[in-house]
Amino acid sequence: MFLSMASWLLAPPDAHAKDPVRQPAKARAHPPATKKPAAKIRTRPAPVARPPALPVVRDGEAEARLIEVYRLAGQARHREALRKAEALVRDHPNFQLAQLVYGDLLAGQIRAVNTLGDVPAPTAKAAAPLLAELRQESQLRLQALRERPAPGMVPSQFLALSPRNKHAIAVDASRSRLYLFENTAAGLRLLADYYISVGKSGVEKAAEGDLRTPLGVYFISSNLDPKSLRDFYGSGALPINYPNQLDVKRGKTGSGIWLHGTPPAHFSRAPLSTDGCVVLANPDLERIIKTVEIRNTPVVIANSLKWVAPQSLKSELSAFDAVLQGWHQAKTSGDLARLTAWYTPDFTSYGKTLTEWTPLMQAELKQLGGRDIQIKDVSYLRWTDSADTMVVTFGELIKGSNTGRTKRQYWTRQGSQWKIFFEGAI
Amino acid sequence: MPTRAFFSYRPLSAALRMLFLAATLTAPLAHADDYADVGSLVRAGQYPEALAKADKYLAGKPRDPQMRFLRGVIQTETGKTGDAIATFTKITEDYPELPEPYNNLAVLYAGQSQFDKARAALEMAIRTNPSYATAHENLGDIYARLASQAYSKALQLDGANTGVQPKLALIRTLFSADSKAPPPQKPAAAAPAPAAKVVPVPPAPAAPAAPTVKAAPVAPPPAAPAVPVAKAPPTVPPRAVEAPVAAAKPAPAAPAAPAANAGAEKDVEAAVRAWAEAWSMKNMNAYLASYGQSFDPPGKQTRKAWEEDRRARIVGKSRIQVKLSNIAVAVQGNKATARFKQDYSADTLNISSRKTLDMARVGEHWVIVRESTGS
């Protein structure tokens, strides 16, 4: 392949070091990526049962190494690319895309390689679907790294987050990418983004078994212990609250939508390959599990995220602030009729209709006895599809009291008016 | 310490060896100084001075390959690519057995993005030693095998169905005791003569002593007299110096003779391959030089007429490829016969034929004295 003039050209007369016969070419030594610590002998049971320490793989690292191989190959630095690819597949033998690239770089030592996965024709035929998936995975990974959101931009669904939402997640299904944010005082900060897989049948889950990933605004509802799961799920699982109240209103069925990892045989999965879950490579999932809080972490899943400057959301934000204010004042007023006007006729609260729910609200108002209700830690998540929906979460305190409840409301826009179609404590 | 020659592992031409040994024995330090001086000037980046010294040296010894090589390096480093290419090309014409000039030509061609020429030059470099070609081909087979394994892992194939196992080519002779013992070689330097006599077979000082069968204990003879492969060049000078001594103490004949013969077979094969490569590369100088003075042109042509004919048939083609297979070599003293299958392909023409080349040893080279089609 390409020769470096400097190193090859000047062979001093008395330094036949390049004579491959006298000094056979040394195999380049590849030191192991990390070392395994020696096993410890415990005289007492360890306080926390740990799996045997494995080489720590940082989130996003394998992909970064793969991209580096691409970069070197693109610069015709094939020998270096080959070395790095060899190290990558040694550390991640189950990273099928990396194996494919490694195969290409090996084949490229002896013949022209014309495409990613330039396998012999019979193999290409026999493994055509898999080959297509790997090529797609490659293309999506590269695209996500080339086409990045501008710094400071946020997905349009995050109208406002509260201090309780320390982190947030957004998924762009068409790009097979998950974005992890930290919610700082200065706003959302992108921490990391990862390649993901979604449902075999794509997106917009509507029914049980349709093999689709749902679209909408969700929250992480729990964190499942990986030891209680089959190894199919990899390092763990973070279920999300599909169906949310908008899904329920629309009659959508199905359940068990999780963020989870991959089985031992696969480092990552094909872009459209799951039963509806969002699947990540295990190191990436592990970072998320270590980072986010359950119940307070919103997960927005869109077919295609729209990234906006936070300032551009300000007018929308203050407009809805005014709406929420109106509802708040109605509640504080103690006037049931005034309050009820804020709810849609098809309102539900955990199965109760408006008719069933109104007496409960009446009792609550009576109990307030004119005291003020304080609302704090408000977050607004905006979901726009065939309708405009706002998912509002806040803490509700009786003024003077120390304790309160966390409430979630789902609002829908009817014309120029916003009304609540779900409300409940969470 | 005499400068180690900057050469390959094949025996040097007689004249060159004379020159070299004369130099090493009479003025052991002179050449070392000259090459070293120019070399260090080059390394220090003092190219005009280096070039001047080299030119001065070459004025007196214009054919010296090592200094010419250094000159080519200087030309390269000073950006005189055309001159450098010419310099190295001439060296390959005069010394087609050296890999280094081919390598540097490849570097220069690659710098000009002439990658086909670069590749051809590197293939010539590899073919200066048949073992390189074998190792290189084996490496290619291994790469193919590794690629196939990686693809299997990528596509989750069972691995059972990954094609034919490549059988790597074994190099069968290094210096082997199992080669047929030839009649004792004409001791070109049998007598414990002064250095000059040993000249013709310098990497093999032991060989000429073959006829005297006394298994005298000689401190481990470089018992690979004709091994083109390992060891030869770096130790040529000291060995050459030792030669007179070795000649006096005859080396164990038995291993030496068959070893020399095995070496001769390899030399013949290498010469045949070099001839085919020269033909493929349309390197007329090297091609015609493969044929000895006593070559018997076919069809009663004169030598000159035959050369004209060959030139016309070769240079006129835009592309020639000559591939040899099933090469069988039989050596008897200074004569040999090479039989092989020749696949000739040029432009739109493809011809396969069985060829026989009668070869003779002239000095250190094997040349063709008769070429015929058929076994």
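Keep in mind the model is a prediction, meaning the values are calculated, not measured. (Residues numbered from 1 in each chain as written. Chains lettered and ligands numbered in written order. Predicted model: local features only at pLDDT ≥ 70, side-chain atom pairs only at ≥ 80, totals over all residues. Heavy atoms only, no water.)

Draft legend 1. Highlighting the overall build of chain A. For chain A, the count of helices and strands is 11 helices and 18 strands. Counting over 426 residues, chain A shows a buried share of 46%. Taking as baseline every contact in chain A between residues at least 6 positions apart, the subset at least 24 positions apart corresponds to 61%. On chain A, roughly 21,200 Å² of surface is accessible, and the fraction owed to carbon and sulfur atoms is 55%. (Helix = DSSP H or I, 4+ residues; strand = E, 2+ residues; numbered from the N terminus. Buried < 20%, exposed > 50% of the residue type's maximum accessible area, 1.4 Å probe, protein only. Contact = heavy atoms within 4.5 Å. Areas by Shrake-Rupley, 256 points an atom, 1.4 Å probe, with all protein chains shown as cover.)

Draft legend 2. Expanded view of the side chain of lysine 407 of chain A. Residues and elements named next belong to chain A. As for its placement among the helices and strands, lysine 407 is situated in strand S17 (residues 404-414). When its relative accessible area of 4% is taken as the criterion, lysine 407 is described as buried. A distance of 2.7 Å separates polar atoms of two side chains, one belonging to lysine 407 and the other to glutamate 396. Excluding residues within four positions of it along the chain, lysine 407 makes contact with Lys331, Glu364, Val392, Thr393, Phe394, Glu396, Glu423, Gly424 and Ala425. (Polar contact = N/O pair within 3.5 Å; in protein donor to acceptor, adjacent residues only side chain to side chain.)

Draft legend 3. Summary view of the pattern of salt bridges. All names here are of chain A. Following the criterion strictly, the structure yields 46 salt bridges over all chains and no others. Here arginine 90 ties to aspartate 91 by a salt bridge, and the two come within 3.8 Å at their closest N and O atoms. In this structure, aspartate 346 engages lysine 249 in a salt bridge whose closest nitrogen and oxygen atoms are separated by 3.9 Å. Of this pair, aspartate 346 sits in strand S13 (residues 343-349) while lysine 249 sits in helix H7 (residues 245-249), placing them 97 residues apart in sequence. Through salt bridges with shared partners, a single ionic network connects Glu63, Glu137, Arg141, Arg148, Arg177 and Asp193. (Salt bridge = Lys/Arg side-chain N within 4 Å of Asp/Glu carboxyl O.)

Draft legend 4. Structural view of the sheet that holds strand S16 (residues 388-398) of chain A. Residues and elements named next belong to chain A. Overall, mixed pairing links the 7 strands, which are arranged S2-S15-S16-S17-S18-S13-S14 in an open sheet. Each edge of the sheet is formed by a strand with only one pairing partner; in this case those strands are strand S2 (158-160) and strand S14 (352-353). In this sheet, strand S18 (residues 417-425) lies alongside S17 in antiparallel orientation, the contact comprising 8 bridges. Within S18, the position partnered with tyrosine 410 by the bridge is phenylalanine 422. Sitting on the sheet, helix H9 (residues 314-333) is in contact with S2, S13, strand S15 (373-384), S16, S17 and S18, with an inclination near 135° to S15. (Pairing = 2+ DSSP bridges. Axes fitted to C-alpha atoms, helices over the stretch in contact; angles between N-to-C directions.)

Draft legend 5. Layout of the pairing of S16 of chain A. Residues and elements named next belong to chain A. Most of S16 is tucked away: 10 of the 11 residues are buried. Alignment of S15 against S16, held across 10 bridges, turns out to be antiparallel. Paired with isoleucine 375 across the two strands is glutamate 396, which belongs to S16. If you look at the hairpin formed by S15 and S16, you'll find 3 residues sitting between the two strands. Relative to S17, S16 runs antiparallel, the two being bridged by 9 bridges. The residue of S17 that forms the bridge with threonine 393 is arginine 408.

Draft legend 6. Examining the confidence of the model for chain A more closely. The pLDDT averaged across chain A works out to 89; a share of 87% of its residues lies at or above 70. Note that pLDDT drops below 50 for residues 1-38 of chain A; the model gives that stretch 64 contacts with residues more than four away or on any other chain. (pLDDT = per-residue confidence, 0-100.)

Draft legend 7. Focus on the packing of aromatic side chains. For the structure on display, the rule yields 28 aromatic pairs over all chains. Taken together, a centroid distance of 5.0 Å and an interplanar angle of 85° make the contact between tyrosine 343 of chain A and phenylalanine 347 of chain A edge-to-face. On the basis of relative accessible area, phenylalanine 347 of chain A is assigned to the buried category, the value being 1%. Taking 5.3 Å as the distance between ring centres and 65° as the angle between the ring planes, the aromatic pair formed by phenylalanine 69 of chain B and phenylalanine 88 of chain B counts as edge-to-face. Linking phenylalanine 69 of chain B in helix H4 (residues 65-77) with phenylalanine 88 of chain B in helix H5 (residues 81-94), this pair joins segments that are 19 residues apart in sequence. By relative accessible area, which is 4% here, phenylalanine 69 of chain B ends up buried. Residue classification places phenylalanine 88 of chain B among the buried residues on the basis of a relative accessible area of 0%. Three or more aromatic residues joined by ring pairs make a cluster, and in this case those are Trp275, Trp279, Tyr287, Tyr291, Phe295, Trp306, Phe340 and Tyr344 of chain B. Here the basic side chain of lysine 249 of chain A rests over the ring of phenylalanine 421 of chain A, its NZ or CZ set 4.2 Å away from the ring centre. One residue, arginine 408 of chain A, lies across the ring of phenylalanine 219 of chain A, its end atom 3.6 Å from the ring centre. (Phe/Tyr/Trp six-rings, centres within 6.5 Å; stacked < 30°, edge-to-face > 60°. Lys NZ or Arg CZ within 6 Å of the ring centre and 35° of its normal.)

Draft legend 8. Spotlight on unusual backbone geometry. Of the consecutive residues tyrosine 242 of chain A and proline 243 of chain A, the connecting peptide bond is found in the cis state with omega at 0°. Here proline 243 of chain A is to be found in the loop between strand S7 (237-239) and H7. In this structure, arginine 295 of chain A takes a positive phi of about 75° despite not being glycine. Here arginine 295 of chain A shows up in the loop between helix H8 (282-291) and strand S11 (298-302). For lysine 282 of chain B, which is not a glycine, the phi torsion comes out positive at approximately 60°. You can see lysine 282 of chain B is positioned in the loop between helix H11 (253-281) and helix H12 (284-289). Under the relative-accessibility criterion, lysine 282 of chain B is labelled partly exposed at 28%.

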